[in-house]
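Fold and contact review
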Protein chains: 2
Amino acid sequence: MIFDGTFADGERLDEVQLAEKFAVSRTPVREAIQRLALSGLAEQIPRRGVFVRQPGPVELIEMFEVMAELEAVCARLAATRISDAALAELHATNERCNAAVSAQDADGYYHENEKFHAILYRQSGNSFLEQECSRLHKRLQPFRRMQLRLRGRLKQSMGEHEAIVAALEEGDGEKAASAIRSHVAVQGEKFHHLMASLKHAAE
Amino acid sequence: MIFDGTFADGERLDEVQLAEKFAVSRTPVREAIQRLALSGLAEQIPRRGVFVRQPGPVELIEMFEVMAELEAVCARLAATRISDAALAELHATNERCNAAVSAQDADGYYHENEKFHAILYRQSGNSFLEQECSRLHKRLQPFRRMQLRLRGRLKQSMGEHEAIVAALEEGDGEKAASAIRSHVAVQGEKFHHLMASLKHAAE
DNA sequence: CTTTTCATTCTTGTATACAAGAAACTTGAT
DNA sequence: ATCAAGTTTCTTGTATACAAGAATGAAAAG
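For the structure given in this document, a descriptive report is provided here. Just so it is clear, the model here is predicted, and its values are computed rather than measured. The written sequence of each chain sets the order in which its residues are numbered from 1. Chain A is the first chain written and ligand 1 is the first ligand written, with later ones labelled in order. The predicted origin of the model limits local features to residues at a pLDDT of at least 70 and limits the giving and counting of side-chain atom pairs to 80 or more, whereas totals for whole chains, interfaces and linings rest on all residues. Note that the side-chain values use all heavy atoms of the structure and ignore hydrogens as well as water.

Points about the pattern of salt bridges
Stated precisely, the cut-off is as follows: The salt bridge definition used is simple: a Lys or Arg side-chain nitrogen within 4 Å of an Asp or Glu carboxyl oxygen. Numbering of helices and strands runs from the N terminus; a helix is a DSSP stretch of H or I covering at least four residues, while a strand is a stretch of E covering at least two. A 1.4 Å probe rolled over the protein chains alone gives each residue an accessible area, and that area as a share of the maximum for its type sets the label: buried under 20%, exposed over 50%, partly exposed in between.
Counting across every chain of the model gives 32 salt bridges over all chains. Glu174(B) is the partner of Arg76(B) in a salt bridge, and the nearest nitrogen-oxygen pair spans 3.6 Å. Placement of the pair is Arg76(B) in helix 4 (residues 57–81) and Glu174(B) in helix 9 (residues 173–184), with a sequence separation of 98 residues. A relative accessible area of 46% means that Glu174(B) is categorised as partly exposed. Between Glu112(B) and Arg96(B) there is a salt bridge; the shortest N-O distance is 3.0 Å. Note that Glu112(B) is positioned in helix 6 (residues 106–123) and Arg96(B) in helix 5 (residues 84–102), a separation of 16 residues in sequence. Through salt bridges that share partners, Glu15(A), Arg26(A), Arg30(A) and Glu31(B) make up one connected network.

Set out below in structure tokens:
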């Protein structure tokens, strides 16, 4: 994958090189590369090839801002549309999150956290919105994951989750929206950590 | 194009057929088709081919809802970030819109309307958000355009534009957001018109 | 010694040939 | 007559061959 640090920013994706690396012909490699280019992970320059395009700090912040706003929309819509079953599932997921925090199980937390957000997207009652959120979430996944390694972040994140669920239970869309906005937003320490990890990824 | 009514929903895109139609080989046709599939205009089923996927009424309403929310975010962010020059440009665009309305020039109005929204996206100060908005806007373009043919819609739309600009001038993000939300939202007559046009597109 | 131009080489883009899986049709049996 | 199984045909997916444009290096001129 591009995130593994296997590919640096600006690096050219050589078709023949990748072809022999995966022991296939150029054709499927080209198709795969074009998919990358279309999803924004690489930039295609006609007759010149496609180049890996790691998002810079500015673009990352922008993406997180959009993610926060999209999730806020989900929350606002979900506040009036969410089902009781889904609310129960959010609670259950949150409890499993809590257990993971107690067990210092970062990966477990990560998994349940994913689930939490997926449920939220689904409960927006708008499957197109759900799709778009999932797409961006996936794109930000590696950067999001890094944040969880911050000291004390797990516990803090848990509290934010609970605030979100509480707002949803009250049916207060604006409260839920602002709660998730600050949950996702990149700011302060998180930003610095993000910058640091970016530097690391560039090496 | 897919919108021209050339391709009906569910129709298979035959590679060889398109290849000889455009007098090229299958390879570039395949690449083009894959691009369509990735942008959501077609669905690819492995070993079965790709099929045109016109959005149904439900999906269209969902997309318009997301568009409304995204533009609302743009407006809210723009309210604090917009430049005086951009505000002036919005005013100018709006006046040209007005002239087009007086001249019954639907195409002219359409063009200036595009500009209006483009400026708004830009002034969110978030180029990623700008990109995403433009993408969705382009996708909804044919359906949006149909709405403008509704009687009295041009004048009404104009008023909404002015309300948006006014809110931006006041720096009132929430007001601007809700103004643009109702501007873009699909409801009432607009919905029925949308449904009718969908039926027409399906024939 | 530097710069410009030409030639060679390398890479992308396109065409064609081949393989594998799916669909359709035929043939046989119940 | 209907249904099932096998075969044929058609379509997608992959490999290879070819063409065209870009980059690099060498050679010649200023």
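Some words on the protein's contact with DNA strand C
Here is the rule we go by: Definition of nearness: a residue and a molecule or strand are near each other if at least one heavy atom of the residue lies within 4 Å of the molecule or strand. Any pair of nitrogen or oxygen atoms within 3.5 Å is treated as a polar contact; in protein, a donor-acceptor pairing is required on top of that, and neighbouring residues in sequence qualify only through side-chain atoms on both sides. Residue polarity is assigned by list, with Asp, Glu, Lys and Arg as charged and Ala, Val, Leu, Ile, Met, Phe, Trp, Tyr, Cys and Pro as nonpolar; anything else, Gly included, falls into the polar class.
Around DNA strand C, the surrounding shell holds 18 residues, and the nearest of these are Arg26(A), Arg47(A), Ser25(B), Thr27(B) and Arg48(B). A share of 62% is what sugar and phosphate atoms reach among the atoms of DNA strand C within 4 Å of the protein. Measuring from a phosphate oxygen of DNA strand C, one finds a side-chain N or O atom of Arg30(A) at 3.1 Å. Considering every element that reaches the surface near DNA strand C, the biggest residue donor is helix 3 (residues 26–38) of chain B, with 3 residues. Partitioned by chemical class, the residues of the surface near DNA strand C number 4 nonpolar, 4 polar and 10 charged.

Some words on the relation of the copies chain B and chain A
Worth spelling out the cut-off: Least squares is used to superpose the copies, and the fit set is the C-alpha atoms of residues whose pLDDT is at least 70 in both copies. The contact rule is simple, with two residues in contact once any of their heavy atoms fall within 4.5 Å.
Each copy superposes on the other: chain B lies on chain A with an RMSD of 0.1 Å after a rotation of 180° and an axial shift of 0.0 Å. Here the transformation between the copies is reduced to the relation of a two-fold axis. When the interface residues of chain B are mapped onto chain A, 100% of them are again interface residues, pointing to one common binding face.

Re the protein's contact with DNA strand D
For DNA strand D, the set of nearby residues contains 18 residues, the closest of which are Ser25(A), Thr27(A), Arg48(A), Arg26(B) and Arg47(B). The share of sugar and phosphate among atoms of DNA strand D within 4 Å of the protein is 62%. The separation between a base nitrogen of DNA strand D and a polar side-chain atom of Thr27(A) is 2.9 Å. In this structure, Arg30(B) approaches DNA strand D through a side-chain N or O atom, which is 3.1 Å from a phosphate oxygen. Taken together, the elements giving at least two residues each to the surface near DNA strand D come down to helix 3 (26–38) of chain A together with helix 3 of chain B. The leading source of residues in the surface near DNA strand D is helix 3 of chain A, at 3 residues. Across the surface near DNA strand D, the residue classes tally to 4 nonpolar, 4 polar and 10 charged.

Description of the nonpolar core
Basically, it comes down to this: Throughout, nonpolar core names a set of buried Ala, Val, Leu, Ile, Met, Phe, Trp, Tyr and Cys residues whose side chains join them through atoms within 4.5 Å.
In terms of nonpolar packing, the biggest core is built from 78 residues, with Leu168(A) and Leu168(B) touching the most fellow members. Residue contacts for Leu168(B): discarding those within four places in its chain leaves Ala75(B), Ala78(B), Ala79(B), Ile82(B), Leu87(B), Leu90(B), Leu120(B) and Ala176(B).

Some remarks on the interface of chain B and chain A
Let me state the cut-off plainly: Take the accessible area each of two parts loses on contact, using a 1.4 Å probe, and add the two losses: that sum is the buried area.
Counting from both sides, the interface comprises 24 residues of chain B and, opposite them, 24 residues of chain A. At the boundary of chain B with chain A, total buried surface from both sides reaches about 2,200 Å², with 49% on carbon and sulfur atoms. When the shortest N-O distance is used, the salt bridge between Glu132(A) and Arg135(B) registers 3.0 Å. Listed by contribution, the elements that provide at least two residues to the side of chain B that touches chain A are helix 3, helix 4 and helix 7 (127–147) of chain B. Looking at which element gives the most residues to the side of chain B that touches chain A, the answer is helix 4 of chain B, with 10 residues. A per-class count over the side of chain B that touches chain A returns 9 nonpolar, 4 polar and 11 charged.

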